[in-house]
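Working through the structure, step by step
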Amino acid sequence: MNWRYRLTFLILLLTFIAITGRLFYWQVVKAQELYVLAQSQYGRLIKVMPLRGEIKTSDGFPIAANKISYLVFANPREVKDKKTAEKIAAILKVDIASISAKLALDRLWVSLKSTIDTQTKESIESLNLPGVGFEEKSTRFYPEASMSSQMLGFVGKNELGEDKGYFGLEGYYDRLLRGRESYIVGVQDALGRPILSKATDGVRKIDGSNLILSVDRPIQFLVEKKLKEGIETYGATSGVVGVMNPKTGEIIAMASFPTFVPSEYQNYPEDLYKNPFVSSIYEPGSTIKPIVMAGALDAHIIKPETKCPICSGPVVIGDYELHTWNDKYYKDINMIDVIIHSDNTGMVYVAQKLGVDKMISYLNKFGIGSLTYIDSQGEIPASLKPKNAWYPVDLATTGFGQGISVTPIQLLTAFSAIANNGKVMQPHFVSQVESLDGEVAKIPPKVLGTPISEQTAKVMTEILVSAVNKGEAQWVRLKGYRIAGKTGTASIPVKGHYDPSKTITSFIGFAPAENPKFVMLVILDKPTVAIYGAETAAPIFFDIARDILSYYGIPPSE
Amino acid sequence: MKKSGITIVLITSVIILLLIVQTILSNRLSTSGALVSKVDKEIKAYKTENAEIREKLFLQSSLNNIASKAAELGFTGGKFVALTKSLPLAARQ
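Residues numbered from 1 in each chain as written. Chains lettered and ligands numbered in written order. Predicted model: local features only at pLDDT ≥ 70, side-chain atom pairs only at ≥ 80, totals over all residues.

Section: the overall build of chain A
Put simply, the test is: Per the convention used, a helix needs a DSSP run of H or I reaching at least four residues, while a strand needs a run of E reaching at least two, with both numbered from the N terminus. Our radius of gyration is a C-alpha quantity, and the globule rule it is checked against amounts to 2.2 Å times the number of residues to the power 0.38. Once C-beta atoms have been placed from the backbone, residue pairs whose C-beta atoms lie within 7 Å are recorded as contacts.
Looking only at helices and strands, chain A has 17 helices and 21 strands in total. Relative to the compact-globule value of 24 Å for 558 residues, chain A shows a C-alpha radius of gyration of 33 Å, a clear excess of over 25%. Principal-axis analysis of the C-alpha atoms gives chain A an extent of 130 × 75 × 50 Å. Of the contacts made within chain A by residues no fewer than 6 positions apart, 71% connect residues no fewer than 24 positions apart.

A short note on the overall build of chain B
Quick note on the threshold: Working definition of burial: number of other C-beta atoms within 10 Å of the residue's own, with buried at 20 or more, exposed at 12 or fewer, and partly exposed in between, all C-beta atoms being placed from the backbone.
Looking only at helices and strands, chain B features three helices and zero strands. Order of helices (α) and strands (β) in chain B, N terminus to C terminus: α-α-α. Scored against the burial criterion, the 93 residues of chain B give a buried share of 2%.

Re the interface of chain A and chain B
Let me state the cut-off plainly: By the convention adopted, Pro, Cys, Tyr, Trp, Phe, Met, Ile, Leu, Val and Ala count as nonpolar, Lys, Arg, Asp and Glu as charged, and the other residues, Gly among them, as polar.
The interface is formed by 18 residues belonging to chain A together with 13 residues belonging to chain B. In terms of residue count, the dominant contributor to the side of chain A that touches chain B is strand β3 (residues 62-74) of chain A (four residues). In terms of residue class, the side of chain A that touches chain B is made up of eleven nonpolar, three polar and four charged.

Observations concerning the packing of helix α3 (residues 84-92) of chain A against helix α5 (residues 118-125) of chain A
Residue and element names in this part refer to chain A. Applicable threshold: Under this scheme, a helix contributes an axis fitted over its contacting stretch, all axes are lines through C-alpha atoms, and angles between N-to-C directions fall in the 0 to 180 degree range. Angle categories are assigned with fixed cut-offs, so that under 35 degrees is roughly parallel, over 145 is roughly antiparallel, 65 to 115 is roughly perpendicular, and the rest are oblique. In this scheme the crossing of two helices becomes right-handed for a clockwise turn of the near helix relative to the far one and left-handed for an anticlockwise turn of less than a right angle.
Where α3 meets α5, the closest approach of the two axes is 10 Å, and the angle between their N-to-C directions is 160 degrees. The angle between α3 and α5 places the two elements in the roughly antiparallel class. Here α3 and α5 pass one another in a crossing that is right-handed. From α3, Ile88, Ile91 and Leu92 reach across to α5, where they touch Thr120, Ser123 and Ile124. A breakdown of the residues in the contact of α3 with α5 according to their chemical character gives four nonpolar, two polar and no charged.

Re the nonpolar core
Residue and element names in this part refer to chain A. In plain terms, the rule: Residues enter a nonpolar core if they are buried, belong to Ala, Val, Leu, Ile, Met, Phe, Trp, Tyr or Cys, and are joined to the set through C-beta atoms within 7 Å.
By size, the foremost hydrophobic cluster in this structure holds 125 residues, and its most contacted members are Met520 and Phe541. When residues in this core are grouped by element, the largest group, eleven residues, is from helix α13 (residues 344-366). Discounting chain neighbours no more than four positions away, the residues touching Phe541 are Gly485, Phe507, Gly509, Met520 and Val522.

Examining helix α1 (residues 2-60) of chain B
For clarity, the cut-off: To estimate the expected span of a helix, subtract one from its residue number and multiply by 1.5 Å.
The end-to-end C-alpha separation of α1(B) is 86 Å, in line with the 87 Å expected for 59 residues at 1.5 Å each. Little of α1(B) is tucked away: zero of the 59 residues are buried.

Things to note about unusual backbone geometry
Most peptide bonds adopt trans geometry, and most residues besides glycine take a negative phi value. All names here are of chain A. Going from Phe257 to Pro258, the amide bond is cis rather than trans, its omega being 0 degrees. Residue position: Pro258 is located in the loop between β12 (251-257) and α10 (276-279). Geometrically, the link from Ala511 to Pro512 is a cis peptide bond, its omega value of -20 degrees lying close to zero. Within the secondary structure, Pro512 is located in the loop between β20 (497-511) and β21 (518-525). Positive phi values are uncommon outside glycine, yet Ala382 reaches one of about 50 degrees. Its place among the elements puts Ala382 in the loop between α13 and α14 (392-398). Judged by local crowding, Ala382 falls into the buried class, with 21 C-beta atoms found within 10 Å.

Some thoughts on the confidence of the model for chain B
Worth spelling out the cut-off: Each residue carries a pLDDT score, the predictor's confidence in it, ranging from 0 to 100.
Residues of chain B with pLDDT of at least 70 account for 82%, and the chain-wide mean is 83. By mean pLDDT, helix α3 (residues 89-92) of chain B is the weakest element of chain B at 56, and helix α2 (residues 63-72) of chain B is the strongest at 92.

Some words on the sheet that holds strand β11 (residues 238-244) of chain A
Residues and elements named next belong to chain A. Heads up, the rule is: Note on pairing: DSSP must find at least two bridges between two strands before they are called paired.
Within the open sheet, the five strands sit side by side as β12-β11-β21-β20-β19. Their pairing is antiparallel. The open sheet has two edge strands with one neighbour each: β12 and β19 (484-494). This sheet shows a mean twist of 10 degrees between the axes of neighbouring strands, independent of strand direction. Seen against the sheet, helix α17 (residues 537-552) touches β11, β19, β20 and β21 and runs at an angle of roughly 150 degrees to β21.

Section: the pairing of β12(A)
Residues and elements named next belong to chain A. Burial within β12 is extensive, with seven of its seven residues counted as buried. Note that β11 and β12 share six bridges and pair antiparallel. Paired with Val243 across the two strands is Ala253, which belongs to β12. The antiparallel hairpin formed by β11 and β12 contains six residues in its connecting segment, where Gly249 sits at a positive phi of about 80 degrees.

This is the structure in structure tokens:
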């Protein structure tokens, strides 16, 4: 009997160990795998999207905010009234057939229209239609409509149908603005019907951060208005204006025209989405002369009183004959007058004295040919030619801004060095980032380089003040104010030659010259009323400058 | 037997009392759930209302709107006036 008792005990023990082992395998070893499998059977993963951060101007006004909108949906199985489609279509202003087709589907849920406003929602709601419901959503809203649209970019949908920022600030700061989504497991019964219970995975939703720009809203409004008027007045095809604080690199205003409405971006051609101030290249013409001249002054190759020995007539280089813009020539002209008269032959002399190596070196130091790293999506570098591709005529024409391409932001940033004691600052739109809990992180100004000395910057400033007071644009200058600036008229290269009738006109300058508060670049593309910068871009520049000086409360100094 | 009878009555009384307490508490909890739901709905309604008012406020205070209203009312751009360093006649006398 004893051995039978022991055998029974052993069998029971082994069975117990086997069951315990099996339970350990399922509940510990395979636990995670089974948990996921079970979740897929009884639950549905729901993504909870965070609220997108706002973009505010320096006065705290949101130029890109969020508003409540609704998605109207229906359960076709519950819709019995045949007139439902007709009633909804009339309010939504859509084709009845499209609504009828959706309601005819054998589904539990169909979307009828997204992003409808509160009034439309209330109109549908008042009809008390069975089987029709609404889902609250948050959509981008632009209180100033198309203001700063190419600077802002827009919010579209990615391949998963989620909100995503494209172009401009929305694209560049998308991750920061978007925040972090969370997931909820919606529990459902064996038939797949949702039940009133939920289990979260513990990942908390984090709403996006707000961006506070250095952009001054009244100046931005003013710049856009004046640019639009200027384009109409001078019959140009397009135009851009950028205003920057030369001491910090903060963008005060940036406008371009034609533009688009971000909330209706689908209705505009794609080429309007890019900000031309950072994404387009052009030949700068005479506006590059102060950069080249400042380089030559800084290298001590020339002095302001240096006389030009080759300026009595056109300059011949190889097969090319280089002329001044008005075919007027001044024998033994000094460097100050070269800038005042925007003398191309004088700049050929300066470029030749500088040589290819130093020309490339100074252009690089000013940031010409490389990215400015402005916080905007789509900046292009407008690279310089490699050294071995520079022919003597290239060196000569670069001196007066032909055969070289820049982006407007490159030129504005480079020119700012003259206004900022020789220091190039990194341009940026965002001055502060505000998190959801109100914590503000300031973005400090960053020096990109010091291409010229403080002394050279001061000398160049005085030359540029003379250019405004005595140059071609003196007819529009603001009397009493010391403003440093330079006109620019660049011919447009077409199929290997320059079109004499089509130009890109520009004016770049800063004010007040003794303590600059802003540096501004105005560019008009193919103006038809006049083809010179002094007659088109300069009036717009001084018109805007007058209002900015008044807005800042800066009195005349002379 | 007498002692065990008292014990049975006592236990039964405690059970009945606990059932009554549970019923009362459950009753209270069930109504507070409805109250929480009502408060939740109210909070959501206020949030929606706030967002809508905020939207209206931004639209009304936008420079585009102010400029168009100003134009409607006949306001025009002011003339640029800047005093130079030379003192005005009144100040010189």
